[in-house]
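Structural description and commentary
The lines below spell out each chain.
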Amino acid sequence: MIVRLAQLKDVQVIADIHVASWKTTYRGIVSEEYLDSLKVEDRQEMWKRVLSTENHPTTVFVVEEEDTVFGFAAVGKERTGKYPEIDGELYAIYLYENAQRKGGGKQLVAKAAEVLKEKGYHGLLVWVLDDNPAKRFYEEALNGEFLESVDIEIGGQSFKEAAYGWYSLDQFISR
Ligand SMILES: CC(C)(COP(=O)(O)OP(=O)(O)OC[C@H]1O[C@@H](n2cnc3c(N)ncnc32)[C@H](O)[C@@H]1OP(=O)(O)O)[C@@H](O)C(=O)NCCC(=O)NCCS
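What counts as what
- Residues numbered from 1 in each chain as written.
- Predicted model: local features only at pLDDT ≥ 70, side-chain atom pairs only at ≥ 80, totals over all residues.
- Heavy atoms only, no water.
- Near = heavy atom within 4 Å.
- Polar contact = N/O pair within 3.5 Å; in protein donor to acceptor, adjacent residues only side chain to side chain.
- Areas by Shrake-Rupley, 256 points an atom, 1.4 Å probe, with all protein chains shown as cover.
- Helix = DSSP H or I, 4+ residues; strand = E, 2+ residues; numbered from the N terminus.
- Nonpolar A, V, L, I, M, F, W, Y, C, P; charged D, E, K, R; others polar.
- Core = buried A, V, L, I, M, F, W, Y, C linked by side-chain atoms within 4.5 Å.
- Buried < 20%, exposed > 50% of the residue type's maximum accessible area, 1.4 Å probe, protein only.
- Contact = heavy atoms within 4.5 Å.
- Salt bridge = Lys/Arg side-chain N within 4 Å of Asp/Glu carboxyl O.

Looking up the chain in an unreviewed UniProt entry gives the name GNAT family N-acetyltransferase, with the organism given as Alkalihalobacterium chitinilyticum.

Here it is as structure tokens:
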């Protein structure tokens, strides 16, 4: 498998993965009604805006095997400004369900961390729903530090969302 920067031609598959992975990941957590309302076309527009803008502050990566993309990640500047050393953020990371737990997530994050470091960032933060089993990806596989938990709303329901952080991209990359 290889990880590379996403291009405009990847918009369709990124949007498809985004919606498909939301549905498989959050079914039983977020309401069916909300999940059913998610549209690939909306995500296409969103990712098209990002990928067609030169020097967009969000950087997107895809992971592929034999020219078939099965996952993506998006990173950029940390949004809260609460953690001065943790200036980078993993905004999204999604793989098709049948491609999970095969190392693609780790490779995406490794590449994203390298590129963030090249751009001058020092740390990394990610938000994950408390009920999402993928929390263990950040805790166990990537050794992230729990930072805080906040209440958020999705489709009219309340959820707890946890932030995990890495203060040093150098350390993160060398692991
Ligand atoms: C989370 C995600 C990006 C991780 O990528 P991945 O390719 O599946 O993970 P990797 O194979 O690189 O690493 C897996 C390791 O993480 C840890 N882990 C534990 N529970 C996990 C879980 N439910 N999902 C993923 N990783 C988990 C384990 O150490 C696991 O190793 P193992 O499979 O040998 O037990 C991917 O599973 C995914 O797209 N999940 C659904 C969408 C999602 O929740 N995204 C995150 C939103 S914040």
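1. A word on the site of the ligand
In the vicinity of the ligand there are 23 residues, among which Ile93, Arg101, Gly103, Gly105 and Asn132 approach most closely. A distance of 3.5 Å is found between a nitrogen atom of the ligand and a side-chain nitrogen or oxygen belonging to glutamine 100. Here lysine 106 contributes a backbone N or O atom positioned 2.9 Å from an oxygen atom of the ligand. In the complex, the protein chains occlude 83% of the 890 Å² of accessible area that the ligand would expose alone. Per-element tally for the shell around the ligand: the top contributor is helix α5 (residues 135-141), with 5 residues. Looking at the shell around the ligand residue by residue, the class counts come to 11 nonpolar, 7 polar and 5 charged.

2. Things to note about the nonpolar core
One finds Leu90, Leu108, Tyr138 and Trp166 to be the most contacted residues of the largest nonpolar core, which totals 27 residues. Breaking this core down by element, the ones donating at least two residues are β2 (59-65), β3 (68-77), β4 (88-95), α4 (104-118), β5 (124-129), β7 (157-166) and α6 (169-174). Broken down by element, this core gets its largest block of residues, 6 residues, from α4. When near neighbours in sequence (up to four residues on either side) are disregarded, tyrosine 138 contacts Leu90, Ile93, Val126, Val128, Asn143, Gly144, Tyr164 and Trp166. In terms of nonpolar packing, the next biggest core, distinct from the first, is built from 24 residues, Trp47, Val69, Phe72 and Ala92 among them.

3. Things to note about the environment of glutamate 41
With respect to the element layout, glutamate 41 can be found in helix α3 (residues 40-51). The spatial distance from the C-alpha of glutamate 41 to the C-alpha of aspartate 16 is 8.8 Å, given a sequence separation of 25 residues.

4. Looking at the side chain of threonine 58
Within the secondary structure layout, threonine 58 lies in the loop between α3 and β2. A residue is classified by how much of its surface remains accessible, and threonine 58, at 17% relative accessible area, is buried. Residues contacting threonine 58, with those up to four places away along its chain left out, are Val50, Ala74, Val75 and Tyr91.

5. Side note on unusual backbone geometry
In this structure, aspartate 67 is a non-glycine residue whose phi angle is positive, near 65 degrees. Relative to the elements of secondary structure, aspartate 67 occurs in the loop between β2 and β3. You can call aspartate 67 exposed: its relative accessible area is 70%. For arginine 101, which is not glycine, the phi torsion reads 65 degrees and is therefore positive. Owing to a relative accessible area of 80%, arginine 101 belongs among the exposed residues under this scheme.

6. Some words on the pattern of salt bridges
Under the defined criterion, the tally for this structure stands at 10 salt bridges. Close ionic contact of arginine 79 with glutamate 89 constitutes a salt bridge, the shortest N to O distance being 2.3 Å. Within this pair, whereas arginine 79 is found in the loop between β3 and β4, its partner glutamate 89 is found in strand β4, the two being separated by 10 residues in sequence. Looking at arginine 79, the relative accessible area reads 59%, which means it is exposed. Members of the salt-bridge network, linked through shared partners, are Arg4, Asp10 and Glu64.

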